[in-house]
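Inside the fold
Listed here are the chains, written in short residue letters.
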Amino acid sequence: MKPLLWLDFDDDEVDALLAVGPVSGADGHGELGALRERVCRAVPRLSRFAGCGGWAARRLTVIRMPAERADEHLERCADVVFRLGAHAHPVVDGWPFWHRIPVDPDRPANRYGGVGYNDIHLDMVNCTLPPRVIAFLCLEPDPGGGGESLFVDVEDVLAELSAGASGRDLSGLSYAEGRFSGYSAVGEAMARIPLLSDAEPRLRFTGKADRGQFSAAERESFAFVESTVNACADAVLLQRGQLAVFSNLTVLHGRRALGTRSEHSVGTRRVLQAYGIQCQKQSS
Ligand SMILES: [Fe+2]
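Quick caveat: nothing in here was measured; it's all calculated off a predicted structure. (Residues numbered from 1 in each chain as written. Predicted model: local features only at pLDDT ≥ 70, side-chain atom pairs only at ≥ 80, totals over all residues.)

Some remarks on the overall build of the protein chain
Basically, it comes down to this: Here a helix means four or more residues in a row that DSSP labels H or I, a strand means two or more in a row labelled E, and each is numbered from the N terminus. Put simply, the radius of gyration uses C-alpha atoms, and a globule should come to 2.2 Å times the residue count raised to 0.38. With C-beta atoms placed from the backbone, a residue is labelled by how many other C-beta atoms lie within 10 Å of its own: buried for 20 or more, exposed for 12 or fewer, partly exposed between the two. Contact definition: two residues whose C-beta atoms, as placed from backbone geometry, lie within 7 Å.
A count of helices and strands for the protein chain gives 7 helices and 13 strands. A compact globule built from 284 residues should have a C-alpha radius of gyration of about 19 Å, and the protein chain, at 19 Å, falls within 12% of that. Per-residue burial for the protein chain yields a buried fraction of 39% across its 284 residues. For the protein chain, long-range pairs separated by at least 24 residues make up 82% of all intrachain contacts whose partners lie at least 6 apart in sequence.

Side note on helix H1 (residues 11-18)
Heads up, the rule is: The directions from the helix axis to the C-beta atoms form the arc being described.
Every buried residue of H1 is listed here: Glu13, Val14 and Leu17. All buried residues of H1 lie within an arc of 100 degrees about the axis, which places them on one face of the element. Turned more than 90 degrees from where H1 packs its buried face, Asp11 and Asp12 sit exposed.

Comments concerning helix H2 (residues 32-42)
What H2 keeps buried is the set Leu32, Arg36 and Val39. Each buried residue of H2 sits inside an arc of 60 degrees when the element is viewed along its axis, so together they form one side. Those residues of H2 that are exposed and angled more than 90 degrees off the buried face are Ala34 and Arg41. Those residues of H2 hidden inside the fold are in contact with H1 and helix H4 (71-84).

Describing the packing of helix H5 (residues 154-164) against helix H6 (residues 216-231)
Rule in force here: To obtain an axis, a line is fitted to C-alpha atoms, over the contacting stretch when the element is a helix, and the angle between two such axes runs from 0 to 180 degrees between their N-to-C directions. Should an angle fall under 35 degrees it is called roughly parallel, over 145 degrees roughly antiparallel, and 65 to 115 degrees roughly perpendicular, with every other angle called oblique. Should the near helix be turned anticlockwise from the far one by less than a right angle, the crossing is termed left-handed; should it be turned clockwise, right-handed. Gly is put with the polar residues, along with every residue not named as nonpolar or charged; the nonpolar set is Ala, Val, Leu, Ile, Met, Phe, Trp, Tyr, Cys and Pro, and the charged set is Asp, Glu, Lys and Arg.
One way to put it is that H5 packs onto H6 with a least axis distance of 9 Å and a crossing angle of 130 degrees. Considering their axes alone, H5 and H6 lie oblique with respect to each other. Crossing hand, H5 versus H6: right-handed. Where H5 approaches H6, its residues Val157, Glu160 and Leu161 are matched on the opposing element by Val225, Thr228 and Val229. Considering only residue class, the contact of H5 with H6 consists of 4 nonpolar, 1 polar and 1 charged.

Describing the sheet that holds strand S10 (residues 234-236)
To be explicit about the condition: Strands qualify as paired when DSSP identifies two bridges or more between them.
The antiparallel open sheet is built from 4 strands, whose spatial order is S5-S12-S7-S10. Of all strands in the sheet, those bounded by a partner on one side alone are strand S5 (118-121) and S10. Strand-to-strand twist across the sheet, computed as the mean angle between neighbouring axes with direction ignored, equals 20 degrees. In terms of strand pairing, strand S7 (residues 149-153) meets S10 through 3 bridges, oriented antiparallel. Its bridge partner lying in S10, Ser149 is registered against Val236. Where H5 meets the sheet, it contacts S7 and strand S12 (251-255), and its direction lies at approximately 55 degrees from that of S7.

Focus: the environment of Gly114
Considering the arrangement of structural elements, one finds Gly114 in the loop between strand S4 (99-100) and S5. Taking C-alpha positions, Gly114 is 9.7 Å from Ile101, a pair spaced 13 residues apart along the chain.

The following block contains the structure:
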């Protein structure tokens, strides 16, 4: 991964961003330019991130806001900052725009919301237009001390794969994965997911894929890709007030298992998630 970009906001900057005004729901095309102008006036050093692809172009940025600020301030500030560089849009029907990632011991441990290790993946890997930008806002980290976020730069993986493929032909590898219902603005369902592509996302990988669908040779190839992905992962333990923003198309993500006191995490760990979609020309 290229060096992670950290941005520290002080109290004055948080106050200036809060004064930009509350926003909510999906971004319309009319207000967005004005909102971004106000954000850039409030905190001029953010100008370089403006535009609906602004955060996606930076791969991974972690913004640190003062942890002492109230939840409402952190959430509103994160919302304004996210919209500066993404086309914010809810993509799962019924979810609030900032959706709390569940901590549910009754879910399969390695699936979304489960308390175990969440395999590295691209969100909505089976959609023709996966969300372009993802944000995680940490309000309360795991009290058990686990739950580090994992991030993987796809370019790093592709470079390793081309260097170490040694005769493997990964170009034809495809698989089926995931449901497709209740989504908005993410295109169509893909019955077969090509692992590699010349167009973004260049690596449609999820460690959640059912290995039972593969032939022995395919399973070996997929395991090789998975081990390469895992070897390229960087871990970041998000703390209260930290907002991670990254491109879903060029940065894979996962999460280490919650800590040994994961039963305490059920009501405590609070990490909110938001999505930005592929932008329309008129919204940039
Ligand atoms: Fe995810």
